[in-house]
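Per-entry structural report
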Amino acid sequence: MTPEDRTLKAEQRPQAPGLSQLLRGSLVTQLIYVAATLGVADLLCDSPKSSDELAAALRVDPEALYRVLRALASIGIFEETDPRRFALTAMAQPLLTDVPGSLRASAMLYGERWWWLACGGLLHSVKTGQPAFDHVHGKSLFAYLDDAADAAVLFNDFQTSMTRQDAAAVVGAYGFTEFTRVFDVGGGHGALITAVLKACPGTTGIVFDQPAVIEGTKQRLRAEGLADRCTCIGGDFFESVPAGGDVYVLKDIVHDWDDDRATAILRNCRRAMAHTPTLATKLLVVEKVIPPGNAPFAGKLTDITMLLITGGRERTAKEYEALLNEAGFALTRIIPTSSPASVIEAVPV
């Protein structure tokens with residue numbers, strides 16, 4: 001092929017739109033992380049402010065902060081309404097604390113050095129098939145969180161905020177009112193069970209998670225006025241899952257693990273169901289089910305996060321069916337929701 005031919009073919013190739021911008025995605029992540037960690041959006045909630053005012057309130061370098069805000073404004077996060085004066089935009093609203101759909105915890109987690117270093121190890125994961133997190137830190141994510149209290153708090157806040165966003169969609173798509181007792185396996189600080197109990201006044205709940213997590217769950221349920229309708233149990237779902245639920249829910253649990261460990265969790269749920277005195281016990285796995293085709297889907301990027309951080313994966317419908325069959329379940333239906341998450345319903349066989 002002559003140089004002219006190569007030039008012609010290059011001109012005929014479709015160019016990836018915005019590739020140059022995508023290559024700078026790591027900078028964008030850090031810009032958003034800085035704004036989220038400092039709480040800039042909260043300071044702009046009532047009215048626009050100058051970068052100097054913000055810098056004084058935050059005790060940071062005013063010129064550096066201005067440059068960060070200017071860069072964020074160039075992509076729609078904040079707006080420079082007058083020279084060196086900034087206001088919230090619609091895209092910046094989710095950086096507010098404790099608003100519906102808040103992404104502040106996500107922005108803070110994605111930019112944290114301990115998380116960031118693992119993301120930088122994607123090539124290691126591709127070469128070895130192993131999580132880069134373990135390679136970078138010398139231990140698994142959950143072992144790391146056991147030893148790093150601040151990181152654990154941030155991670156749990158992130159998990160809670162993500163579940164809050166999906167919870168209304170899940171409760172709206174699936175009829176939990178038919179169940180007397182909902183068992184949330186790996187339920188974290190109770191964001192999902194809170195949504196279920198508020199939507200179903202006649203239902204009670206159980207949250208099962210690691211003992212270090214459960215104390216935060218109790219506090220959350222007390223704050224929501226639901227402590228009398230939900231039991232909190234500490235334990236390890238790799239060892240066993242207690243009996244007592246009409247339906248067992250695993251939200252964003254199965255995707256954390258490889259097939260062998262995911263199957264172990266599901267089998268423990270199956271054993272618990274064998275000791276539950278009801279003939280209609282069901283299992284609900286709430287995950288982002290990867291669709292076929294090239295269309296954008298949030299789960300395709302979450303899948304890379306699982307590869308990097310835990311060694312888990314997002315799965316297709318067929319892959320979930322195979323996993324459930326191996327653990328002693330039959331998949332009955334997959335119910336899409338208004339969020340990227342679907343409810344995968346199964347029954348013991």
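My aim in this report is to walk through the structure given alongside it, one point at a time. (Residues numbered from 1 in each chain as written. Predicted model: local features only at pLDDT ≥ 70, side-chain atom pairs only at ≥ 80, totals over all residues. Heavy atoms only, no water.)

Quick look at the pairing of strand E4 (residues 181-185) now. The buried fraction of E4 is high, at 4 of 5 residues. The sheet contact formed by E4 and strand E5 (residues 204-209) spans 5 bridges and is parallel. Note on E5: the bridge partner recorded for Val 182 is Gly 205. Remark: the E4/helix H13 (residues 191-199)/E5 crossover connection has right-handed handedness. (Buried < 20%, exposed > 50% of the residue type's maximum accessible area, 1.4 Å probe, protein only. Helix = DSSP H or I, 4+ residues; strand = E, 2+ residues; numbered from the N terminus. Pairing = 2+ DSSP bridges. Right-handed = clockwise from strand over helix to strand, strands pointing away.)

The sheet built from 3 strands is open, its strands ordered E1-E3-E2 with antiparallel pairing. Only two strands of the sheet have a single partner each, and these edge strands are strand E1 (49-50) and strand E2 (79-82). Strand direction decides the pairing type here: E1 and strand E3 (residues 85-87), joined by 2 bridges, are antiparallel. Within E3, the position partnered with Lys 49 by the bridge is Phe 86.

Under the criterion given, the structure shown has 17 aromatic pairs. Between the aromatic rings of Trp 114 and Phe 133, the centroid separation amounts to 6.3 Å while the plane-to-plane angle is 85°, which identifies the pairing as edge-to-face. Placement of the pair is Trp 114 in helix H8 (residues 113-119) and Phe 133 in helix H10 (residues 132-137), with a sequence separation of 19 residues. For the pair formed by Trp 114 and Phe 133, the shared burial category is buried. Members of the aromatic cluster, connected to one another through ring pairs, are Tyr 110, Trp 114, Trp 115, Phe 133, Phe 142, Tyr 144, Phe 155, Phe 158, Phe 237, Phe 238 and Trp 257. (Phe/Tyr/Trp six-rings, centres within 6.5 Å; stacked < 30°, edge-to-face > 60°.)

Turning next to the sheet that holds E4. Spatially, the 7 strands line up as an open sheet ordered E6-E5-E4-E7-E8-E10-E9, and their pairing is mixed. Here the strands that pair on one side only, and so sit at the sheet edges, are strand E6 (230-234) and strand E9 (329-336). Pairs of neighbouring strands in the sheet enclose a mean axial angle of 20°, with direction left out of account. Along the sheet face, helix H12 (residues 149-173) touches strand E7 (247-251), strand E8 (282-287), E9 and strand E10 (342-348) and points at about 140° away from the line of E7. (Axes fitted to C-alpha atoms, helices over the stretch in contact; angles between N-to-C directions. Contact = heavy atoms within 4.5 Å.)

The subject of this paragraph is the layout of surface pockets. The space that makes up the largest pocket amounts to roughly 1,400 Å³. Lining the largest pocket are 43 residues, with Tyr 110, Phe 158, Leu 301, Thr 302 and Thr 305 positioned closest to its centre. Sorting the residues of the lining of the largest pocket by element identifies helix H3 (25-38), helix H7 (104-111), H8, helix H11 (141-147), H12 and helix H16 (298-309) as the ones contributing at least two each. Taken together, the residues of the lining of the largest pocket sort by class into 26 nonpolar, 12 polar and 5 charged. Here the second largest pocket is characterised by a volume of approximately 760 Å³. For the lining of the second largest pocket, the secondary-structure elements that each account for two or more residues are H11, H12, H13, E5 and helix H14 (211-223). Residue contributions to the lining of the second largest pocket peak at 9 residues, all from H12. In the lining of the second largest pocket, the residues fall into 16 nonpolar, 12 polar and 7 charged. (1 Å grid on protein atoms, 1.4 Å probe; cavity = no way out; pocket = protein on both sides within 12 Å on 5 of 7 lines; lining within 4 Å. Points joined across faces, edges and corners; volume = space filled by probe spheres on them. Nonpolar A, V, L, I, M, F, W, Y, C, P; charged D, E, K, R; others polar.)

Note that all results are geometric; they support no functional claim without further evidence.
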